[in-house]
Amino acid sequence: MPLIELKTTIKASPEVCFDLSLDIDLHMQGMKQTNERAIAGTTTGQIQLGETVTWKARHFGLNFTMTSQITELIRPMFFKDEMIRGPFKYLRHQHIFGQAPEGTLMTDLFDFRSPLGILGTMADKLILEGYLRKLLIKRNELIKTTAERKMPI
């Protein structure tokens, strides 16, 4: 199963970065290119432990719906969201926030698996891993820019 690991240094406190990472509105702002929007569950503001959000988005010319739940949360160090319904066989995104000399080191561990056996495994490696990495980088750039504008260190 593919594992995408990203590290982003942000000149802001872990608390600011943590809160922005849970912000539904900021997420939608950063995903305009896929027309991603929250359609059920927590659809605005900051999502909390145990809450769900259902996203609708357009990827590869197709509409997808996916429901995620915040399954672990230790403010301001860590939270995990997991797909509970959607197009993947498995999807888990761990968000880790640590102190860094420059402010915060934000680490994403994003692992997923597509259905369809060997065909899904091929799609994961050949198409989805790179595509999802680009989406996560774009999301992290928005969090970084917003956090550094909001409360620089």
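Fair warning: this is a prediction, and the values are worked out from it, not measured in the lab.

## Some remarks on the sheet that holds strand S2 (residues 37-41)
- What the 7 strands build is an open sheet, ordered S1-S7-S6-S5-S4-S3-S2; its pairing is antiparallel. Strands with a single pairing partner mark the edges of an open sheet, and in this sheet they are strand S1 (3-10) and S2. Adjacent strand axes in the sheet meet at a mean angle of 25°, parallel and antiparallel pairs treated alike.
- As paired strands, strand S4 (residues 62-74) and strand S5 (residues 78-85) are joined by 7 bridges and run antiparallel to one another. Note that in S5 the partner of Ile70 across the bridge is Asp81.
- Packed onto the sheet, helix H1 (residues 14-21) meets S1, S4, S5, strand S6 (90-100) and strand S7 (103-113) and runs at close to 160° relative to S6.
- On the sheet, helix H3 (residues 117-150) packs against S1, strand S3 (52-59), S6 and S7 and is oriented at approximately 15° with respect to S1.

## What about the packing of aromatic side chains?
- For the coordinates displayed, the defined rule picks out 6 aromatic pairs.
- Centroid distance Phe88 to Phe112: 5.7 Å. Interplanar angle 70°. Geometry classified as edge-to-face. Taken as a pair, Phe88 in the loop between S5 and S6 and Phe112 in strand S7 lie far apart in primary sequence, 24 residues in all.
- The exposure class assigned to Phe88 is buried, which follows from its relative accessible area of 15%.
- Here Phe112 falls in the buried class, since its relative accessible area comes to 0%.

Definitions and limits used
- Residues numbered from 1 in each chain as written.
- Predicted model: local features only at pLDDT ≥ 70, side-chain atom pairs only at ≥ 80, totals over all residues.
- Heavy atoms only, no water.
- Pairing = 2+ DSSP bridges.
- Helix = DSSP H or I, 4+ residues; strand = E, 2+ residues; numbered from the N terminus.
- Axes fitted to C-alpha atoms, helices over the stretch in contact; angles between N-to-C directions.
- Contact = heavy atoms within 4.5 Å.
- Phe/Tyr/Trp six-rings, centres within 6.5 Å; stacked < 30°, edge-to-face > 60°.
- Buried < 20%, exposed > 50% of the residue type's maximum accessible area, 1.4 Å probe, protein only.

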